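Structure at a glance
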Amino acid sequence: MTDIHSHILPFVDDGSDSYEKSFEMLKRAAEYGITNVVLTPHFKRGVYGNNTEKVKQEFEKFQIAVKEQNIPVKVYLGQEILCDSKIYEDLKNGNLLTFNDSKYVFLDFDYFEYSDIADFAYNIKAMGYIPVIAHIERYKYLSANTLISLKNDGALIQVNAASVTGKYGRAFKKKVFAAIKSGLVDFVATDTHYGRQESLEQAYKIVAKRFGKETAEKLFLKNAEKFNII
Ligand SMILES: [Fe+2]
């Protein structure tokens, strides 16, 4: 499996704060059948903002360290970008990272306070990028209709593995199952800050059983090939 959403890169956000923890997370990922991990630290203006250069430097060091540890997981870099009005300029100026240097941009929004997700996605698409919306089940105000129109406008959709397994409760589980059933979901990922690696394997089994192996292969592995991750 490929995990496209993780906070494993140390020292850059609220995820791992040591190499030891990061190595442990990757080793556990490998035990649960994950072979590729995209490190997607938060870009959150005023909190973890303007840190893209540091993120790149930390990634280069970390990638070498992972190889030295002989951990059988390939790591790639991305960024989970909390959307605000300034992100367009940042994107234009190369201040933000895409998935593995592709044209796919990973977008995050406030969970409770309304953001016009469809409008952000539309504008980013117009700039020549493809928006990937992080954990859509978490946005309280995101309606089923908006989700469909997002998808029709060319956005890709990620949900969290622990929502599929039911760890976050019935409402999240219902939302992600309905979205998978309607063919709206492109990725299931851990969003690990520490732990949660086992959730991807559990979610894979659930999706394969309920929606078929072909769907599971796409959501947990194949669709990530779009980011040149094989
Ligand atoms: Fe995240």
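To start, this report covers the structure provided alongside it. No experiment lies behind these values; they were computed from the predicted model shown.

**Concerning the coordination of the iron ion**
When a metal carries six donors in an octahedron, the ideal angles between them are 90 or 180 degrees, while four donors in a tetrahedron ideally lie at 109.5 degrees. In the first shell of the iron ion, the protein supplies His-5 (NE2), His-7 (NE2), Glu-80 (OE) and Asp-191 (OD), at 2.0 to 2.2 Å from the metal. Bound by four donor atoms, the iron ion shows angles of 82 to 171 degrees at the metal and therefore irregular coordination geometry. On the primary sequence, the residues serving as donors to the iron ion are separated as H-x1-H-x72-E-x110-D. One end of the pair, Glu-80, is in strand E5 (residues 80–82); the other, Asp-191, is in the loop between strand E9 (187–189) and helix H8 (197–211), and 111 residues separate them in sequence. Each member of the pair, Glu-80 as well as Asp-191, carries the same accessibility label: buried.

**Some thoughts on the pairing of strand E6 (residues 104–108)**
Across the five residues that make up E6, a large majority, five, are buried. Burial of E6 is two-sided: the residues Tyr-104, Phe-106 and Asp-108 facing one way and the residues Val-105 and Leu-107 facing the other way are all buried. Note: E5 against E6, three bridges, orientation parallel. Along E6, the bridge assignment pairs Ile-81 with Leu-107. Examined bridge by bridge, E6 and strand E7 (residues 130–133) share four bridges and lie parallel to one another. If you follow Val-105 over to E7, its bridge partner there is Pro-131.

What counts and what doesn't
Residues numbered from 1 in each chain as written. Predicted model: local features only at pLDDT ≥ 70, side-chain atom pairs only at ≥ 80, totals over all residues. Heavy atoms only, no water. Donors = N, O, S within 2.8 Å, 3.2 Å for Na, K, Ca; no water. Tetrahedral: all angles 85-135°; square planar, octahedral: opposite > 155°, others 65-115°. Helix = DSSP H or I, 4+ residues; strand = E, 2+ residues; numbered from the N terminus. Buried < 20%, exposed > 50% of the residue type's maximum accessible area, 1.4 Å probe, protein only. Pairing = 2+ DSSP bridges.

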